[in-house]
There are 2 protein chains.
Amino acid sequence: MADTVKKDFNLSCPAPRLTNDSIVLAHGGGGKLTQQLIERVFLPAFADPALEARHDGASLEVAGLKLAFTTDSYVVRPLIFPGGNIGDLAVNGTVNDLAMCGARPLCLSAGFILEEGLSMEVLETVVASMAKAAEAACVRLVTGDTKVVDKGKADGIFINTAGIGAIQTPLPVGPAWVQPGDAILLNGDIAAHGTAILSVREGLEFESPILSDTAPLWSAVEKLIDAGIEIHCLRDLTRGGLSSAVNEIAQARGVGIRLDEAAIPITEPVRGACEILGLDPLYVANEGRFIAIVPAAQAESASTLMGPDAVQIGSVVNDHPRTVVMRSKIGGNRVVDMLSGEQLPRIC
Amino acid sequence: MADTVKKDFNLSCPAPRLTNDSIVLAHGGGGKLTQQLIERVFLPAFADPALEARHDGASLEVAGLKLAFTTDSYVVRPLIFPGGNIGDLAVNGTVNDLAMCGARPLCLSAGFILEEGLSMEVLETVVASMAKAAEAACVRLVTGDTKVVDKGKADGIFINTAGIGAIQTPLPVGPAWVQPGDAILLNGDIAAHGTAILSVREGLEFESPILSDTAPLWSAVEKLIDAGIEIHCLRDLTRGGLSSAVNEIAQARGVGIRLDEAAIPITEPVRGACEILGLDPLYVANEGRFIAIVPAAQAESASTLMGPDAVQIGSVVNDHPRTVVMRSKIGGNRVVDMLSGEQLPRIC
């Protein structure tokens, strides 16, 4: 190992290699390599039951109070994209991770890493969007930090937000509580965020522009809780998209998951853009979409509460444990695997 | 303003300019420009009483529970330096910001931004140091996130840690509670961290190597609380050093501060290195040093509790409000201003 390090340092510009010895983009992609990095490096070092739960955030008990705590860094490129910018993404993303713990978002921290030479106007635009998104999500931004690095050592703005929420669900929520027979509900059409980002990067223009779906999700989750829906698991469909979310749950719980392709909503512009860009929408990141896994008996009422575009897209089954199988529109079955490499770097 | 933005985008490589239109390194230096950035961009956007307190972290009340919440991003260069690395720095720094709120550190989040091509061995070294530092500080690392950016768009590893603490002080702690007549106590010799970093960057070698002072500070603060010391303000002496910390307090509270140069401990190797490097030790960052401002009557017992190297270095006065005046070793007085530019970029 020591030799490898020396070699890296001696090369003036070492080519990125897909090995175990150095970090590649896919380690941040939310798929298999991200899982491997977590299992190989982070979990052994930080052995903690909250981390091992492998949820979107940690659930903590502080003096009898049930809190959720989560963090995300945002490195999206470009900083400003159709339907949003890195600022509202950084607020909504962390608010949503709290919501996925069944927690009402209370407050956020914001850590900025700015690149020397960044236009002050761009910073002001991003900060204004953060403030607006925080207001819309009823969350306070209470503490912050700013670092500046030399030109060429970052890429405009990186933002970290961490958030504290108050857990509102009477029972714990997470992959461990998923049961065979449960219904899997989705709150709307998928793949808009990733497609919007990649379209602008590739300079594609469509008749109807594709906008990111970035949005706060707590109010939909709150409706489920208030109505007494027995929520087993919640997961937002960010990096790695729908397929990675359901695969993670299937693997963590050792159950099978069946999806019905015909039920998964995708708008025509997004479907067309995915075809042009060579993307599988099941793997494309969303920033305002989540799945709720609930008892089948409550599926219909839960779906109504989740919003006008919510639908049941599948079920948890006893068959094919740890595997996600999708019935295609023409009636065949195919295994939907977890994202293995990196479909879209720097999507959030 | 719009013109400026266009101009920036048209230039292939715009030179960094010290204007109000773009970010310069000193905006992250912890001195005057950092203050201006906070006042111009962040405070107006995020108007929140917790932010306006301008403390190291936010104090929150959640269901009757008094919590502190804080965040810091770490961009230190080099990643590994004499006496520590970015990993223990990221744990101790945030633990210390909680301690400065009078809060027992409970848990941390960790957000990693990794540069493609980073050696896995370096990452493992840093993560192992974080785990060790967390254990030493009795704090749990409960949630995390990893992003990877393309080679050349970051600098190895950036880490953000956010922390939650349980406030233990019976009365609020912060600049607003400082009183004329109070004693200013310091827990040890200053300027080791910044000098250690700059020495290694400049390739200087000294007879006795200078090590960073990175260390957790909660146990010293806890002793003050347990002994019933009436703590008015706590501040760790990170970016901008001792001078920026006392200036911030003097300005926030509208009081004068007097320092006694002869009382401020600096080791001979650090003093010598500062002379060679052209640094004023009063402005050099520390990562294990703090000041406690307490009633004069409790100064002696508080100083003993803060450790064997703690000393009183000055007092809060009614004279020269918002100004820090230091009596030099030869008896003269000089105004100690806040750091105005950037003495040492990327020190933490």
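Residues numbered from 1 in each chain as written. Chains lettered and ligands numbered in written order. Predicted model: local features only at pLDDT ≥ 70, side-chain atom pairs only at ≥ 80, totals over all residues. Heavy atoms only, no water.

Participant: So what about the interface of chain B and chain A? Which residues, and what values?
Facilitator: Residue-level contacts link 86 residues of chain B with 86 residues of chain A. Note on chain B versus chain A: buried area summed over both sides is about 7,400 Å², and carbon and sulfur give 70% of it. At the junction of chain B and chain A, the tally comes to twelve salt bridges. At the junction of chain B with chain A, the criterion picks out 22 residue pairs in polar contact (both at pLDDT 80 or more). Here the side of chain B that touches chain A is built from residues that sort into 48 nonpolar, 18 polar and 20 charged. (Contact = heavy atoms within 4.5 Å. Buried area = accessible area lost by both parts, 1.4 Å probe. Salt bridge = Lys/Arg side-chain N within 4 Å of Asp/Glu carboxyl O. Polar contact = N/O pair within 3.5 Å; in protein donor to acceptor, adjacent residues only side chain to side chain. Nonpolar A, V, L, I, M, F, W, Y, C, P; charged D, E, K, R; others polar.)

Participant: Please provide a residue-by-residue account of unusual backbone geometry, values included.
Facilitator: For residues other than glycine, phi is negative in most cases, and the peptide bonds are mostly trans. A cis geometry characterises the amide bond from R77(A) onward to P78(A), with omega recorded as 0°. On the secondary structure map, P78(A) appears in the loop between β2 (65-74) and β3 (80-81). The phi torsion at C138(B) lies on the positive side, around 55°, for a residue other than glycine. Its location among the elements puts C138(B) in the loop between α5 (120-136) and β6 (140-149). According to the relative accessible area criterion, C138(B) is exposed, its value standing at 67%. (Helix = DSSP H or I, 4+ residues; strand = E, 2+ residues; numbered from the N terminus. Buried < 20%, exposed > 50% of the residue type's maximum accessible area, 1.4 Å probe, protein only.)

Participant: Could you give me a rundown of the relation of the copies chain B and chain A, with the residues and numbers involved?
Facilitator: Superposition record for chain B on chain A: RMSD 0.0 Å, screw rotation 180°, translation along axis 0.0 Å. What we have between these two chains is a two-fold relation. Identified as the residue of chain B closest to the rotation axis by C-alpha distance is A154(B), at 2.1 Å. The fraction of interface residues of chain B whose copies in chain A are also interface residues reaches 100%, indicating that both copies meet through the same surface. (Least-squares fit on C-alpha atoms with pLDDT ≥ 70 in both.)

Participant: I'd love a proper account of the domain arrangement of chain A, names of residues and values included.
Facilitator: Residue and element names in this part refer to chain A. Taken as a whole, chain A is organised into domain 1 (20-167) and domain 2 (175-335). Domain 1 and domain 2 are separated by 21 Å when their C-alpha centres are compared. Buried area between domain 1 and domain 2, summed over both chains or domains, comes out near 2,200 Å², and the portion from carbon and sulfur atoms is 57%. When the area that domain 1 buries against domain 2 is broken down by residue, the three leading residues are P82, N96 and M100, summing to 24%. If you look at where domain 1 meets domain 2, you find one salt bridge. In this structure, R104 and E222 form a salt bridge, with 3.0 Å as the shortest nitrogen-oxygen distance. Linking domain 1 with domain 2 are nine residue pairs in polar contact (both at pLDDT 80 or more). Residue assignment for the side of domain 1 that touches domain 2 shows that the elements contributing at least two residues are α4 (86-99) and β5 (103-115). Here the element with the most residues in the side of domain 1 that touches domain 2 is α4; it accounts for eight residues. Split by residue class, the side of domain 1 that touches domain 2 holds eleven nonpolar, eleven polar and seven charged. (Domains from an automatic or database assignment.)

Participant: Quick one: what's the story with the side chain of N92(B), residue by residue and with numbers?
Facilitator: Residues and elements named next belong to chain B. Examined against the element boundaries, N92 turns out to sit in helix α4 (residues 86-99). By relative accessible area, which is 5% here, N92 ends up buried. Setting aside anything within four residues of it in sequence, one finds N92 in contact with A133, T214, A215 and P216.

Participant: Tell me what's going on with the environment of P49(B), and back it up with residues and numbers.
Facilitator: Residues and elements named next belong to chain B. Within the secondary structure, P49 sits in helix α3 (residues 49-52). Here P49 falls in the exposed class, since its relative accessible area comes to 61%. When the C-alpha atoms of P49 and S59 are compared, they prove to be 9.8 Å apart, with ten residues separating the residues in sequence.

Participant: Any chance you could break down helix α2 (residues 32-45) of chain B for me, citing the residues and the numbers?
Facilitator: Between its first and last C-alpha, α2(B) extends 19 Å over 14 residues, near the 20 Å set by a 1.5 Å rise per residue. Within α2(B), the axis deviates most sharply at E39(B), by approximately 35°. Within α2(B), the full set of buried residues consists of L33(B), T34(B), Q35(B), L37(B), V41(B), F42(B) and L43(B). Summarising the contacts, the buried residues of α2(B) are in contact with β5, α5 (120-136) and β6 (140-149) of chain A together with α3 and α8 (241-253) of chain B. (Expected span 1.5 Å × (residues − 1). Bend = angle between axes of the 7 residues up to and from the residue.)

Participant: Can you lay out the sheet that holds β5(A) for me, pointing to particular residues and giving the numbers?
Facilitator: The strands making up a sheet are joined through hydrogen bonds of the backbone, oriented either antiparallel or parallel. Residues and elements named next belong to chain A. Strand order in this open sheet of five strands is β1-β2-β7-β5-β6, and the pairing throughout is mixed. Every interior strand has two partners, whereas the edge strands, β1 (58-62) and β6, have only one. In this sheet, adjacent strand axes meet at a mean angle of 20° when their direction is disregarded. By the bridge criterion, eight bridges tie β2 to strand β7 (residues 157-167) in an arrangement that is antiparallel. Bridging across to β7, Y74 finds its partner in I159. Packed onto the sheet, α5 meets β5, β6 and β7 and runs at close to 10° relative to β7. (Pairing = 2+ DSSP bridges. Axes fitted to C-alpha atoms, helices over the stretch in contact; angles between N-to-C directions.)

Participant: Before we move on, could you go through the packing of α4(B) against α5(B) and cite the residues and values that matter?
Facilitator: Residues and elements named next belong to chain B. Orientation of α4 relative to α5, taken along the N-to-C sense of each, is 30°, at an axis distance of 7 Å. The chirality of how α4 crosses α5 is right-handed. Mapping the contact onto sequence places I86, G87, D88, A90, V91 and N92 in α4 and V126, S129, M130, A133 and A134 in α5. (Left-handed = near helix turned anticlockwise from the far one by under 90°.)

Participant: Outline the sheet that holds strand β12 (residues 311-317) of chain A, supporting the account with residue identities and numerical values.
Facilitator: Residues and elements named next belong to chain A. Spatial strand order, β9-β11-β8-β12-β10-β13-β14: seven strands in an open sheet with mixed pairing. Two strands lie at the open edges of the sheet, namely β9 (233-236) and β14 (333-335), each paired on one side alone. Across the sheet, the mean angle from the axis of one strand to that of its neighbour is 25°, orientation sign disregarded. When strand β13 (residues 324-327) meets β14, the two strands line up antiparallel, connected through three bridges. Along β14, the bridge assignment pairs R327 with N333.

Participant: Can you explain the pattern of salt bridges? Please cite residues and give values.
Facilitator: Where charged atoms from two side chains of opposite charge approach closely, those side chains can pair. Under the criterion given, the structure shown has 30 salt bridges over all chains. In this structure, K147(B) engages D72(A) in a salt bridge whose closest nitrogen and oxygen atoms are separated by 3.4 Å. Taken together, the residues K147(B) in strand β6 and D72(A) in strand β2 connect one chain to another. The exposure class assigned to K147(B) is buried, which follows from its relative accessible area of 3%.

Participant: I'd like to hear about the packing of helix α6 (residues 192-202) of chain B against helix α9 (residues 268-277) of chain B, residue by residue, with values.
Facilitator: Residue and element names in this part refer to chain B. Two numbers describe how α6 lies on α9: the axes approach to 10 Å, and their chain directions differ by 50°. Relative to α9, the element α6 is oriented oblique. Both α6 and α9 take part in a crossing whose hand is left-handed. Contacts between α6 and α9 involve A192, T195, L198, S199 and E202 from the former and V270, A273, C274 and L277 from the latter. Its residues placed into classes, the contact of α6 with α9 shows six nonpolar, two polar and one charged. (Parallel < 35°, antiparallel > 145°, perpendicular 65-115°, else oblique.)

Participant: Hey, could you go over the environment of P82(B) for me, with residue numbers and the actual values?
Facilitator: Relative to the helices and strands, P82(B) resides in the loop between β3 (80-81) and β4 (84-85). Separated by 114 residues in the primary sequence, P82(B) and A196(B) have C-alpha atoms spaced 6.3 Å apart.

Participant: Could you give an account of the packing of aromatic side chains, with specific residues and numbers?
Facilitator: Within this structure, the stated rule accounts for six aromatic pairs over all chains. Judged by centre distance (6.3 Å) and plane angle (50°), the ring pair of F158(A) and F158(B) falls under tilted. With F158(A) in strand β7 and F158(B) in strand β7 (residues 157-167), this pair bridges two chains. Residue class for F158(A) comes out buried when judged on its relative accessible area of 1%. On the basis of an interplanar angle of 15° and a centroid distance of 6.4 Å, the ring pair of F42(B) and F46(B) is categorised as stacked. Across this residue pair, the class does not change: F42(B) and F46(B) are buried. Members of the aromatic cluster, connected to one another through ring pairs, are F42(A), F46(A) and F112(B). In this arrangement the basic side chain of K147(B) is found over the ring face of Y74(A), its NZ or CZ atom lying 5.7 Å from the centre. (Phe/Tyr/Trp six-rings, centres within 6.5 Å; stacked < 30°, edge-to-face > 60°. Lys NZ or Arg CZ within 6 Å of the ring centre and 35° of its normal.)

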